[in-house]
Amino acid sequence: MRDSRLLSILLLLQTRGRMTADKLAAEFEVSVRTIYRDIDQLSAAGAPVYADRGRSGGFQLLDGYRTRLTGLTDAEAETLFLGGLSGPAAQMGFSAAVTTMQLKLLAALPPERQAAAERLAGRFHLDPVGWYQNADDAARLPLIAQAVWNNRRIQVRYESWRGVVDRHLEPLGLILKGGLWYLAARPAEGAVGDPDRSPRTYRVAKILDLSVGDQTFERPAAFDLAGWWDATSRRFEAEIFTDRATLRLSTEGLKRLARLGAEQARIAAEAEVGDGGAVVIIPIESIEHAATELLRLGSEAEVLAPPALRAAMRATATQLTSLYAT
C-alpha cells in the first residue's frame, strides 16, 4: 500500500506541480506526518523532490524530471485500454487522438507489460448503447467537445419541453449515459433572462442549431463534473418518480419487472416470494406512464393500488378486449 502511495505522490507532483503537505494528505486520506515520511523515503530513493518553505510553498520535483510507466502492474497495464472508449471518442472527434495515445502508452510500457495491454484491447469491447436502441445523433458533438475543451462560449437553439429556446451558454462538460449524450452548461455571464447561473443539463440531440463563439470564459474551479452529475441524476429520479404502485406478481412477473429498469430489478431481486407470488411497491412517474409500462408485464401482474392506476389498467384491458373480440 505504501509503495503504491509513493509512486502516486511522484506522479501527482509530476502532473500537477507544487503541492502542499496538507493537499497531499487530503488526496491520500493520510496524516500530514505520513506525507512527510513518504517524501523523505522518496528523497532517499533518489527522487529529486524538494520543498519550498513559506506561505505559498510545498513539495515539487526538479524541473525536467519525468518518471516512466515502469511501476504498472499487469492489471493496471491492461485497463489502460478500457479508458479509451473508442466509440464515444470517435463521436467527439477524438478518434485519431485516442489511437495515437494508445500507441504512445504502448511505447512507454516495459516490454513485459505491452502484451498484457494489447491482449485486453483485443478481448473486450465496450458498447454503451442498450439493445434495440440507437445512439443519439452526435453530428454537433465534435464542436461541443472542442468548446468544452477550450472554454469557449456557445449559442444554441434548443428544443426543450416548453418549446424551442435560444441560449448563450458556457459548456462545462459532456456526459454519456445509456448511449445518450448530455451537456452540462451554465448560462453565460450577462445572458438576458438568466440571473441563476447554476449548471443545467441539455440533451445534445435536442440542440437544433449551434455556433461556437470566440469569447472564452473562466471555468469554475470548484466544479466537479462527476459529482455534479451524480447529484443531478439522483435529484431528477426523486422528482420524476413522485408516486408508488403496489403490485402482486407471479414468479414470471418478477422476471419481467426486472427488465423495466435498475430500480425495478432491485425490487424484484429483494421481493419475498410466497405461494401466491410476491407483493411489491414500485416507484412510478405518473398514472398514464405506469399504465403503459405495466402492460409489458401482461397477466403476470395485478395492480392493487392506487385505485386510479387499477382503473386505468381496467380501461385499457377493456379496450383491448373490444379490439380483439372478433
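Model, not experiment: these values are computed from the prediction.

Visitor: For the overall build of the chain, give the residues involved together with the corresponding values.
Guide: Scanning the chain for helices and strands turns up 13 helices and 10 strands. When each of the 326 residues of the chain is scored for burial, the buried share is 32%. Across the chain, every contact between residues at least 6 apart in sequence was considered, and the portion connecting residues at least 24 apart equals 61%. For the chain, the exposed surface amounts to about 20,600 Å²; the carbon and sulfur share of it is 52%.

Visitor: Outline the packing of aromatic side chains, supporting the account with residue identities and numerical values.
Guide: Under the criterion given, the structure shown has five aromatic pairs. When the ring of Y182 is compared with that of W229, the centres are 5.5 Å apart and the planes differ by 35°; the resulting orientation is tilted. With Y182 in strand β5 (residues 180-187) and W229 in helix α9 (residues 225-240), this residue pair connects regions lying 47 residues apart in the sequence. Comparing Y182 with W229, the two get one shared label, buried. Seen from their ring centres, F223 and W228 are 5.9 Å apart, and the 50° between their planes marks the pair as tilted.

Visitor: Could you give an account of the sheet that holds strand β9 (residues 278-284), naming the residues involved and the relevant values?
Guide: Adjacent strands of a sheet form backbone hydrogen bonds with each other and so pair up, either parallel or antiparallel. Pairing in this open sheet of three strands is antiparallel, and the strands run β9-β8-β10 from one edge to the other. Of all the strands in the sheet, the pair left with one neighbour each is β9 and β10 (301-305). Averaged over all pairs of adjacent strands, the angle between their axes in this sheet comes to 35°, without regard to strand direction. Alignment of strand β8 (residues 243-249) against β9, held across seven bridges, turns out to be antiparallel. Bridge assignment links A245 to a residue of β9, and that residue is I282. In the packing of helix α13 (residues 307-323) onto the sheet, the strands contacted are β8, β9 and β10, and the crossing angle to β10 comes to about 140°.

Rules of the game
- Residues numbered from 1 in each chain as written.
- Predicted model: local features only at pLDDT ≥ 70, side-chain atom pairs only at ≥ 80, totals over all residues.
- Heavy atoms only, no water.
- Helix = DSSP H or I, 4+ residues; strand = E, 2+ residues; numbered from the N terminus.
- Buried < 20%, exposed > 50% of the residue type's maximum accessible area, 1.4 Å probe, protein only.
- Contact = heavy atoms within 4.5 Å.
- Areas by Shrake-Rupley, 256 points an atom, 1.4 Å probe, with all protein chains shown as cover.
- Phe/Tyr/Trp six-rings, centres within 6.5 Å; stacked < 30°, edge-to-face > 60°.
- Pairing = 2+ DSSP bridges.
- Axes fitted to C-alpha atoms, helices over the stretch in contact; angles between N-to-C directions.

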